[in-house]
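Given next are the chains, with one letter for each unit.
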Amino acid sequence: MPEPPHPPERRRRVAVLVLEGAKPLDVGIPAQVFTTRPSMPYEVRACAAAPGLVTGGDGLSYHLDHGLEALAWADVVFLPGYRHPDRDDPPPAVVDALLAAHDRGARLAAISTGAFALAATGLLDGRRATTHWHYTRALAAKHPSVRVDENVLFVDEGNVLTSAGAASGIDLCLHVLRGDLGVAASNHAARRLVAAPYRSGGQAQYVPRSVPEPLGERFAATREWVLHHLTEDLALEDLARHAAVSPRTFSRRFADDTGYTPMAWVLRVRVDVARELLERSERSIEQVAADVGLGTGANLRAHFRRILGTTPSEYRRTFARGE
């Protein structure tokens, strides 16, 4: 797959902290997403409490070249999930290193049960957080000051972030990437991973429940259909008709699938496509607004301000330079 060029700049530094019992998917996701390549100005270092061999989960072990000094080097630290998080606390030296990294401005991002290690620092006290649905009650019991939300894929509290099971670690990494480099880079990484380019952090976790599979497949087709009809005057009835269900059923099931009402999702898609056009083209604000079905530049500006807290022009100035 061709790599879109990215302006040269200092590489952003990503540390992946591997604790005893680390889960292999959780370790591999940030290492894979942020792997160094022309389109990705990142450098990744996997590390442990001390260099050497770490026994992981699922029959795997890891030989790490870096110790906790990598946390003093990193701009963002990922904490993969690990076995028995409700029983085993991270070593005090790890907690101290995480606090020191946070104090100097690094972001700390937990995948799955890595939230327990992050909670052990006290940095999640009074904040929203999530973890794998199987462990949400245990996290709340072990750290009662944390506002545990079991119904989301990830939570961004600024400099501390948490996510649910392993697959939502991809969503969290793409969310971080989208904030760093913009939508185009995030979408490119998603295509390389063959992953969904955007799932809301507010989307429900895949907890055990009975959801008719054909209905889910129809909704995926409808979401794809929307992407090719953004310039049209879309209404709830149009989406429900495409999905071959009633508007009431469509609204309820769509919110379960995506974390958004159907029309709120359409608006977010229009804004995201506008973001990519602003990053990758020289089309005027009015043209971009028309291209994504928002009608006028004034509408585009209003939605950018409400959803992103910025203007289209400022967004273009920021991400067209790759900042």
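From a predicted model like this one, the values you see are computed outputs, not experimental measurements.

**A look at the packing of aromatic side chains**
Reasoning step 1: A full pass over the atoms with the stated rule returns eight aromatic pairs.
Reasoning step 2: Ring centres 5.2 Å apart and planes at 35° place the aromatic pair F250 and F254 in the tilted group. In this pair, F250 and F254 are both assigned in helix α10 (residues 247-258), four residues apart and thus about one turn of the helix distant.
Reasoning step 3: You can call F254 buried: its relative accessible area is 1%.
Reasoning step 4: Residues F254 and W265 carry aromatic rings whose centres are separated by 5.5 Å and whose planes lie at 75° to one another, so their mutual orientation is edge-to-face. Remark: W265 occurs in helix α11 (residues 262-280) and F254 occurs in helix α10; sequence separation between them is eleven residues. Just as F254 is buried, W265 falls in that class too.
Reasoning step 5: Counting every residue linked through ring pairs, the aromatic cluster contains F219, F250, F254 and W265.
Reasoning step 6: Positioned over the ring face of W73 is R45, at 4.0 Å from the centre of the ring.

**Concerning the side chain of N187**
Reasoning step 1: The topology assignment puts N187 in helix α7 (residues 183-193).
Reasoning step 2: At a separation of 2.8 Å, a polar atom in the side chain of N187 contacts the side chain of E276.

**Topic: helix α6 (residues 166-181)**
Reasoning step 1: For α6, which comprises 16 residues, the first-to-last C-alpha distance of 23 Å matches the rise-based estimate of 22 Å (1.5 Å per residue) to within 8%.
Reasoning step 2: Taken together, the buried positions of α6 are occupied by A166, S168, G169, D171, L172, C173, L174, V176, L177, R178, D180 and L181.

**Comments concerning the side chain of R270**
Reasoning step 1: Relative to the helices and strands, R270 is located in helix α11.
Reasoning step 2: No salt bridge is formed by the buried R270, whose closest oppositely charged neighbour, D233, lies at an N-O distance of 6.0 Å.
Reasoning step 3: At 2.8 Å, the side chain of R270 forms a polar contact with the backbone oxygen of L230.
Reasoning step 4: Filtering out sequence-adjacent residues up to four positions away, R270 remains in contact with L230, E232, L234, V292, G293 and L294.

Conventions and cut-offs
- Per chain, residues are indexed from 1 in the order of the written sequence.
- Reporting in this predicted model follows two pLDDT cut-offs: at least 70 for local features of residues, and 80 or more for side-chain atom pairs to be given and counted; totals over whole chains, interfaces and linings ignore these cut-offs and use all residues.
- Hydrogens are left out, water is left out, and the side-chain values use all remaining heavy atoms of the structure.
- Under the pairing criterion, centres of Phe, Tyr and Trp rings, with the six-membered ring standing for Trp, must be within 6.5 Å; the plane angle then separates stacked pairs below 30 degrees from edge-to-face pairs above 60, leaving the rest tilted.
- Under the scheme used here, helices are H or I runs from DSSP no shorter than 4 residues and strands are E runs no shorter than 2 residues, and both carry numbers assigned from the N terminus.
- Under the scheme applied here, a residue whose accessible area is under 20% of the maximum for its type counts as buried, over 50% as exposed, and between as partly exposed, the area being computed with a 1.4 Å probe on protein chains only.
- We count a charge as sitting over a ring when the NZ of a lysine or the CZ of an arginine lies within 6 Å of the ring centre and within 35 degrees of the ring normal.
- Whenever two N or O atoms come within 3.5 Å, that pair is a polar contact, provided that in protein one can donate a hydrogen and the other can accept it, and provided that, for residues adjacent in sequence, both atoms are side-chain atoms.
- For a helix, the expected span equals 1.5 Å multiplied by the number of residues minus one.
- Asp and Glu are treated as the negative residues and Lys and Arg as the positive ones, with His and the ends of the chain left uncounted.
- One speaks of a salt bridge when a side-chain nitrogen belonging to Lys or Arg is within 4 Å of a carboxyl oxygen belonging to Asp or Glu.
- Residue contacts are defined here by distance: any two heavy atoms, one from each residue, within 4.5 Å place the two residues in contact.

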